[in-house]
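For reference, the chains in residue letters:
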Amino acid sequence: GAVVSQHPSWVICKSGTSVKIECRSLDFQATTMFWYRQFPKQSLMLMATSNEGSKATYEQGVEKDKFLINHASLTLSTLTVTSAHPEDSSFYICSAALAGGRANEKLFFGSGTQLSVL
Amino acid sequence: DQQVKQNSPSLSVQEGRISILNCDYTNSMFDYFLWYKKYPAEGPTFLISISSIKDKNEDGRFTVFLNKSAKHLSLHIVPSQPGDSAVYFCAATYKNYGQNFVFGPGTRLSVLP
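These numbers come from a predicted model, not from an experiment.

(A) Representation of the sheet that holds strand E8 (residues 76–81) of chain A. Residues and elements named next belong to chain A. Strand order in this open sheet of 4 strands is E1-E3-E8-E7, and the pairing throughout is antiparallel. Sheet topology places strand E1 (4–7) and strand E7 (67–73) at the edges, where each strand pairs with a single neighbour. On average, adjacent strands in this sheet sit at an angle of 15° to one another, irrespective of strand direction. Where E7 and E8 come together, 5 bridges link them in antiparallel fashion. Within the sheet, the bridge partner assigned to Phe67 lies in E8 and is Val81.

Written out as structure tokens, the structure reads:
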């Protein structure tokens, strides 16, 4: 099956620093990638939809200046948490959809990144 | 407001018995539903899906049932195996929402040997 690689899997940083998370589709092209956030015992919450070559679409309540998304190619999307604070500590996960796929086609997920901000 | 609910955070089942995971939704526009399985330190992987034009979809040991009038779906695993122990997420979407899936909070299934 299709593979999505997410890196790093775990990051600990000091408050005020920025953290970049990469999401790569290894064996397929992904026109669209999604970024989610999950707090303990809660749902995966969609943060933003990343489309190759265009600006990301953010969900209501997600600060686009705080969570910068870049989808520069059909195989790579990055999420940068800028000036991270302890409340940004969470599990971040990406998913990718096959380019040219049908609507409702299943997504392929990365393994997630646990961010801990001290 | 949680549009997709999984009211049981955890479930324990004996190996060989049936596991039934439940999911309820509130948005009547949802017309496509999926189940994902997640092991620790891994991303969710697709398990099975069902369109609203059906009320049942079966794939090996996994069967998903959809009751549109009750806005309820369930995942049946028969027989349950220890390797099925994982967190199961229910997800929903509708035609114009495409792959913007709305996920439930997950149910942790433990299959006891």
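Let us keep going from here.
(B) View of the sheet that holds strand E6 (residues 56–59) of chain B. Residues and elements named next belong to chain B. Spatially, E1-E3-E8-E7-E6 is the arrangement adopted by the 5 strands of the open sheet, whose pairing is antiparallel. Since the sheet does not close on itself, it has two edges, and those belong to strand E1 (4–5) and E6, each with one partner. Across 6 bridges, strand E3 (residues 19–25) lies against strand E8 (residues 72–77) in antiparallel orientation. Residue pairing for E8: Leu21 is matched across the bridge by Leu75.

(C) A look at a nonpolar patch on the surface. Residue and element names in this part refer to chain A. Together, Trp10, Ile12 and Leu118 make up an exposed nonpolar region whose accessible area comes to about 380 Å². On the secondary structure map, Trp10 appears in strand E2 (residues 10–13). Given the relative accessible area of 53%, Trp10 is considered exposed.

About the criteria used
Residues numbered from 1 in each chain as written. Chains lettered and ligands numbered in written order. Predicted model: local features only at pLDDT ≥ 70, side-chain atom pairs only at ≥ 80, totals over all residues. Heavy atoms only, no water. Pairing = 2+ DSSP bridges. Helix = DSSP H or I, 4+ residues; strand = E, 2+ residues; numbered from the N terminus. Axes fitted to C-alpha atoms, helices over the stretch in contact; angles between N-to-C directions. Patch = residues over 30% accessible without salt bridge, like charges linked within 9 Å, V, L, I, M, F, W, Y side chains within 5 Å. Areas by Shrake-Rupley, 256 points an atom, 1.4 Å probe, with all protein chains shown as cover. Salt bridge = Lys/Arg side-chain N within 4 Å of Asp/Glu carboxyl O. Buried < 20%, exposed > 50% of the residue type's maximum accessible area, 1.4 Å probe, protein only.

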